[in-house]
Amino acid sequence: MQREITSWYSPALKKDMPIAVYGHYGFALLLIPTAAADYLEYERFQMFDHLAHIIDSGKLKVFSVNSINTESWLNNEMEPHHKAIRHNDFNHYIFHEVVPFIRSRTSGETPIITCGASFGALHAMNLFLHRPDLFAGTLSMSGVYDLTEYTKGFFDEQVYYNSPMHYIPNLTDHDTLERIRRGKIVIASGGGAYEDPEANRRFSGVLSGKSIPHELDIWGTDITHDWPTWRKMMPYFLDSRF
């Protein structure tokens, strides 16, 4: 498996941001870390041992980015308003820096799928829903799509526009909705410890209310909120749905 690590100074985030690239060809998977983790998290937890057959076959090329959640919603020292600003800085970094980088390593026609687990699932979903012109879909695992689960009671316009449970019911722009409807959305959750299948069902209901096609797959009560789950889910869905 080809592996490349590079970085650049991000104008949006005003810091160096590394990115790891795995594979040589295929559709692009933009991989968002969980919670407070970094761009090598999926590698440390042996995810690529389970994705190797898909990557080496030329079906998939992975781009794994750094998280800044510790500079945003997981930073207890920051003012909530500043956390929201930092979240939007991250979105800008993805849209205006990471996507062009992916294009430079693939092509202008290569589909890009966002993907993440846990807090990364919310980011992956939110990024796709904001820019369905850039992304072809999302695989979101073990997520909660209400950002207020992380904001400790804080709510403003920036939280609203980064919380899919809040803004999707009120989305009326026809062109944006049609682009979202053409995308591939897979929402997966376990039914075991620390998973929240009901939150996934509620968000599925929101998408259905806007006639947005998607797949909701709730696995059994033995499937917990942890890496063994995601090492099963990710290759399964990437191999069979994308």
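Our structure is the block above this text.
What you see is a predicted model, and the numbers here were worked out from it, not measured in a lab.

1. Overview of the overall build of the protein
Inference 1: When its secondary structure is counted, the protein shows nine helices and eight strands.
Inference 2: Over its C-alpha atoms the protein spans a radius of gyration of 17 Å, differing by no more than 12% from the 18 Å that the globule rule assigns to 242 residues.
Inference 3: Across the 242 residues in the protein, those meeting the buried criterion constitute 56%.
Inference 4: Of the contacts formed within the protein by residues at least 6 apart in sequence, a portion of 71% connects residues at least 24 apart.
Inference 5: Surface summary for the protein: the accessible area is close to 10100 Å², and the carbon and sulfur share equals 49%.

2. Some points on the sheet that holds strand S7 (residues 184-189)
Each strand in a sheet pairs with its neighbour through backbone hydrogen bonds, running either in the same direction (parallel) or in the opposite one (antiparallel).
Inference 1: Read from one edge to the other, the open sheet built from eight strands follows the order S1-S2-S4-S3-S5-S6-S7-S8, with strand pairing classed as mixed. Looking along the sheet, the strands with just one partner apiece sit at the ends: strand S1 (3-10) and strand S8 (215-218). The mean inter-strand angle of the sheet, taken between neighbouring strand axes irrespective of direction, is 20°.
Inference 2: With five bridges joining them, strand S6 (residues 137-141) and S7 adopt parallel strand pairing. Residue pairing across strands places serine 140 opposite isoleucine 187, the latter belonging to S7.
Inference 3: Helix H4 (residues 119-130) rests against strand S3 (27-32), strand S5 (112-117), S6 and S7 of the sheet, and its axis sits at about 155° to S5.

Conventions used here
Residues numbered from 1 in each chain as written. Predicted model: local features only at pLDDT ≥ 70, side-chain atom pairs only at ≥ 80, totals over all residues. Heavy atoms only, no water. Helix = DSSP H or I, 4+ residues; strand = E, 2+ residues; numbered from the N terminus. Rg over C-alpha atoms; globule rule 2.2 N^0.38 Å. Buried < 20%, exposed > 50% of the residue type's maximum accessible area, 1.4 Å probe, protein only. Contact = heavy atoms within 4.5 Å. Areas by Shrake-Rupley, 256 points an atom, 1.4 Å probe, with all protein chains shown as cover. Pairing = 2+ DSSP bridges. Axes fitted to C-alpha atoms, helices over the stretch in contact; angles between N-to-C directions.

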